[in-house]
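Structural overview
Chain residues, written in single-letter form:
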Amino acid sequence: MPPSIQHLSPDVFHLQTRNSSIVVSPGEAGHLELLWFGDRLHLADPNQVAALRPDPATSGATVTYGRTRDSLMSLHQQPLAFATHGKGDFREPALGVVGQRVLDFTFRHHRIVDGVVAADGLPGADAEPESQTLEITLADDVAGLEVVLRWTTFPHSDVFSRRTEIRNTGNGTVTLDRAASLLLDLPDAGFDVITLDGWWANEARPTRTRLGHQRITNASVTGSSSSEHNPGVLLVEHTATETSGRGYGFNLVYSGSHATTFEGGRGNLVRVAGGINPEGFGWELAPGESFITPEAVMTYSSEGIGGISRNFHRFIDDCIVPAHWRRRPRPVVLNNWEGTYFDFDAPTILEIAERAVELGVETFVLDDGWFGARDDDLRGLGDWVVNTTKLEGGLGALIDGVRALGLDFGLWFEPESINPDSELYRAHPEWAIHQPSRTPSEGRHQYLLDLTRSDVRDHLVTTVGGFLDEYPISFVKWDMNRLISDAAPDGFHHRYILGLYDVLGRIFGPRPEVLLENCSSGGNRFDLGVLSFGPQIWTSDCTDPVERLAIQEGISLLYPASTISAHVSASPNHQTGRASSLDYRFAVSAPYVFGVELDPRTMPAAEITALGERITWYKQRRALLQFGEHHRVEKRGDGRIQLTATDGERAVSAYYTTHIRPGSHGPVWQVPGLDGAATARRVFGEGAAEPTALHLPDGVLGQGVAPPTLGEGEAALFDVTRISG
Ligand code: DGJ
């Protein structure tokens, strides 16, 4: 592959990955234009770029930009890669400065460097071997500001990223009220915007909205990336399906309040502008100071929504999650939360752990309730002192007991939160986020600690780090069950997230082998920011398999299976009351990071054996399930969901019903991603007893064959193997 960034001529930059290209160039008046973002171009001759240049013609009520040779050029109709207000572009801007409503940035110089350029205090993607970064510096001398746009290529993943740095080169302090990570204008191919929306226990429901001449903004204002609106978004052609059509995916390596706007309109362009949510953002820059935005990542695919997902999956597996955990199979855990809630003691935990061993579990995770006066969610949060009434003999003895059984040990923390009824709050009420003249509001009976304070951060690093140093803990579940309130200062939400990153970096950076599972009331912070510190996330507090199918499918649009923590829980389910078979619950969790979340002491011996067999099967295919190519099958009948994980030679294919319509057999069974003749063997459940495997002739897998006969709430798992030659 040629260098991933080509400086084709003095003013043309070509960024390329395996299958896609971006071309940017300062236009005639020096504004940075986006000439191409799409299929990979083979640009041998810089003159070929002329065809990509926009027609400067403008019409009707526009403001023209005076300094060009063509006096009719209007910024409002140019395909830009950075834009501000005040000189005729009325679309969503990338930057806002209080008191300076006229800004005008033009090209100054560029630099190309190998690899990535990291930003202090912010997580970012790691380089692939051929990654390069293009820095383009723009400036507005009147405003006394410079903007450095950093574009990085991830050639193998087909992903690009962009950060924006704003430098105060003037003599006075300025306040930014908007600083987008990304802005670009794409030719309008007739797009739909797909967002992942939801709420607690009901996360990641895709909403597909037709984009017309309007603005659609996907945003969170809660201080977290949020389950209301995940920061990841897709922009796809109206006709795009799972397997066909062109489209783009965008996401932020960020865990706080965010906003991405899609604006269709004039000039047949669609503007995409995303980054920190401008609401409540106010950032002072003294002379000489800089502000660096979170990293935005983007991908293009001509292979439909599935193509966009797989690009991001590769990228996250290879460049986002911590290096130690890249492509490293995640352990099978048993988490005691839904098995015991707060009601446990050491003997109970050890009995559960003994059953867990019979199941083939590898790590026991002790959830909430092991510390302070924490017998319910009313008190004790913040008091990270082992509750020896419950854990007589102490944590060390419990961990020794669990490890003596052959299990690793994991521990739950919720370090960012504090109950008003806690020793820590009584000692340090000023550590909770509050306004001096107002009573702070509670959420789940708790406040949030002010992570913008260095003493609070130091306390958390020492406390959690101390546990990790004192005890052999291989897994930490980091929970956070609140949205931010009572934070008045501008920019607080961003400073809070910077504080969180500081704490996570200081705890887990020096201890890379500790597996950090993030959680925020389930998926309230399912984002690339926290994934940079820990490779998996507790996806939802809803463990009902029917609901989970939808939640996991939604989150898989943007995030790989290896990040999606999915547990088999008890039946009837605690959140919905729905009863389901063990096979069904297993089949729903197996394609992701599988775990168990129930009290196995309540399981009859036959169920222990059955789940144990299934876990053995899972472990044999774990790398394929967690890191294989993930294909969803387009829904062509209500109540059926299909997915496949494949490495091109082998596949696990899953077919589920959620409800059955009379007289409907459901859509065909397909195994996308695997070509050629194959054998398929159904495992477990009804129909699995057939002694011989199905022989599937070449051509059948993609198109599909008759669906397995399934009743309501049943699933079929297939092992599929390509016949070579
Ligand atoms: C919310 C989490 O999402 C649950 O899994 C559990 O850890 C509880 N908190 C414990 O309080």
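About the criteria used
Residues numbered from 1 in each chain as written. Predicted model: local features only at pLDDT ≥ 70, side-chain atom pairs only at ≥ 80, totals over all residues. Heavy atoms only, no water. Helix = DSSP H or I, 4+ residues; strand = E, 2+ residues; numbered from the N terminus. Rg over C-alpha atoms; globule rule 2.2 N^0.38 Å. Buried < 20%, exposed > 50% of the residue type's maximum accessible area, 1.4 Å probe, protein only. Near = heavy atom within 4 Å. Polar contact = N/O pair within 3.5 Å; in protein donor to acceptor, adjacent residues only side chain to side chain. Areas by Shrake-Rupley, 256 points an atom, 1.4 Å probe, with all protein chains shown as cover. Nonpolar A, V, L, I, M, F, W, Y, C, P; charged D, E, K, R; others polar. Contact = heavy atoms within 4.5 Å. Pairing = 2+ DSSP bridges. Axes fitted to C-alpha atoms, helices over the stretch in contact; angles between N-to-C directions. Phe/Tyr/Trp six-rings, centres within 6.5 Å; stacked < 30°, edge-to-face > 60°. Lys NZ or Arg CZ within 6 Å of the ring centre and 35° of its normal. Core = buried A, V, L, I, M, F, W, Y, C linked by side-chain atoms within 4.5 Å. 1 Å grid on protein atoms, 1.4 Å probe; cavity = no way out; pocket = protein on both sides within 12 Å on 5 of 7 lines; lining within 4 Å. Points joined across faces, edges and corners; volume = space filled by probe spheres on them.

This paragraph deals with the overall build of the protein. In terms of helices and strands, the protein carries 13 helices and 36 strands. Compactness check: the protein gives a C-alpha radius of gyration of 26 Å against a globular reference of 27 Å for 725 residues, within 12% of the reference. Across its three principal directions, the C-alpha atoms of the protein cover 85 × 70 × 45 Å. A burial count over the protein gives 62% of its 725 residues as buried.

The environment of the ligand is formed by 13 residues, the closest being Asp-367, Asp-368, Lys-477, Asp-479 and Asp-541. At a separation of 2.7 Å, an oxygen atom of the ligand approaches a polar side-chain atom of Asp-368. Asp-541 is positioned such that a nitrogen or oxygen atom in its side chain is 2.4 Å from an oxygen atom of the ligand. In the complex, the protein chains occlude 98% of the 300 Å² of accessible area that the ligand would expose alone. Its residues placed into classes, the shell around the ligand shows four nonpolar, three polar and six charged.

Among the structural elements, Asp-367 can be located in the loop between β22 (363-366) and α4 (394-404). With 24 residues separating them in the primary sequence, Asp-367 and Leu-391 have C-alpha atoms 13 Å apart. Setting aside its immediate chain neighbours within four residues, Asp-367 contacts Asn-335, Asn-336, Trp-337, Trp-412 and Lys-477. A polar contact of 3.4 Å, which involves the side chain of Asp-367, links it to the side chain of Trp-412.

The strand order across the open sheet formed by four strands is β1-β2-β3-β4, and the pairing between neighbours is antiparallel. Since the sheet does not close on itself, it has two edges, and those belong to β1 (5-9) and β4 (32-39), each with one partner. On average, adjacent strands in this sheet sit at an angle of 20 degrees to one another, irrespective of strand direction. Pairing between strand β2 (residues 12-16) and strand β3 (residues 20-26): four bridges, direction antiparallel. Following the sheet pairing, Phe-13 is matched in β3 by Val-24.

Let us look at the packing of aromatic side chains. By the definition in use, this model includes 38 aromatic pairs. Centre to centre, the rings of Tyr-248 and Phe-250 are 6.3 Å apart; their planes meet at 20 degrees, and the pair counts as stacked. Tyr-248 sits in the buried class, given a relative accessible area of 6%. A ring pair is formed by Trp-617 and Phe-684, whose centres lie 5.8 Å apart and whose planes are at 75 degrees; its orientation type is edge-to-face. In this pair, Trp-617 sits in helix α11 (residues 605-620) while Phe-684 sits in the loop between β34 (678-683) and β35 (694-696), placing the two residues 67 residues apart along the sequence. A single burial state applies to Trp-617 and to Phe-684, both of which are buried. Site record: aromatic cluster; members linked through ring pairs are Phe-37, Phe-160, Phe-191, Tyr-248, Phe-250, Phe-262 and Tyr-300. Residue placement shows Lys-390 over the ring face of Phe-344; its charged tip is 4.7 Å from the ring centre. The ring of Trp-283 has Arg-495 lying over it, and the distance from NZ or CZ to the ring centre is 4.0 Å.

Further remarks concern the side chain of Asn-419. Mapped onto the elements, Asn-419 comes out in the loop between β24 (417-418) and α5 (423-427). Asn-419 gets classed as buried once you look at its relative accessible area, which sits at 0%. Of the polar contacts made by the side chain of Asn-419, one reaches the backbone nitrogen of Gly-380; its length is 3.3 Å. Every residue in contact with Asn-419, bar those within four places of it in the chain, is listed here: Arg-374, Asp-377, Leu-378, Arg-379, Gly-380, Leu-381, Tyr-425, Arg-444, His-445 and Gln-446.

So, about the pairing of strand β13 (residues 215-219). Burial along β13 is one-sided: Ile-216 and Asn-218 are buried, and none of Arg-215, Thr-217 and Ala-219, which face the opposite way, are. Pairing analysis gives five bridges linking β13 to strand β16 (residues 258-265), with the strands arranged antiparallel. Residue pairing for β16: Asn-218 is matched across the bridge by Thr-260.

Cis geometry marks the peptide bond from Ser-571 to Pro-572; its omega dihedral reads -5 degrees. Structurally, Pro-572 is set in the loop between β29 (564-569) and α10 (582-589). In this model, Arg-444 sits at a positive phi of 50 degrees, which is unusual for a non-glycine residue. Checked against the element boundaries, Arg-444 lands in the loop between α5 and β25 (447-448). By relative accessible area, which is 29% here, Arg-444 ends up partly exposed. Positive phi values are uncommon outside glycine, yet His-445 reaches one of about 60 degrees. Position of His-445 among the secondary structure elements: in the loop between α5 and β25.

Attention now moves to the sheet that holds strand β28 (residues 536-538). An order of β21-β22-β23-β26-β27-β28-β29-β30 is seen for the eight strands of this closed barrel, with the pairing classed as parallel. Averaged over all adjacent pairs, the angle separating strand axes in this sheet is 30 degrees, with direction ignored. Where helix α9 (residues 545-555) meets the sheet, its contacts fall on β28 and β29, and the angle it forms with β29 comes to roughly 170 degrees.

For the rest of this paragraph, the subject is the nonpolar core. Of all hydrophobic cores here, the largest spans 187 residues; its most connected members are Val-24, Leu-235, Phe-250 and Trp-370. Per-element tally for this core: the top contributor is helix α7 (residues 492-508), with nine residues. Setting aside residues up to four positions removed in sequence, Trp-370 forms contacts with Phe-344, Trp-384, Val-385, Val-386, Asn-387, Leu-391, Leu-411, Trp-412, Phe-413 and Phe-467. Tyr-655, Trp-669, Val-671 and Leu-674 belong to the second-largest nonpolar core, a separate cluster that totals 14 residues.

Considering only enclosed or pocket space, the largest pocket measures out at about 500 Å³ in volume. Lining the largest pocket we find 35 residues, and of these Pro-123, Gly-124, Asp-126, Ser-532 and Phe-533 sit closest to its centre. At the level of elements, β8 (145-154), β9 (159-168), α1 (304-320) and α7 are the ones that each hand at least two residues to the lining of the largest pocket. For the lining of the largest pocket, the leading source of residues is α7, giving three residues. Residues that form the lining of the largest pocket fall into these classes: 20 nonpolar, nine polar and six charged. Of the voids in this model, the second largest pocket is the one considered here, and its volume is about 430 Å³. Surrounding the second largest pocket, 20 residues form its lining, Pro-206, Glu-242, Glu-553, Leu-557 and Lys-635 being those nearest its centre. Contributions of two or more residues to the lining of the second largest pocket are made by β12 (202-210), α9 and β32 (640-646).

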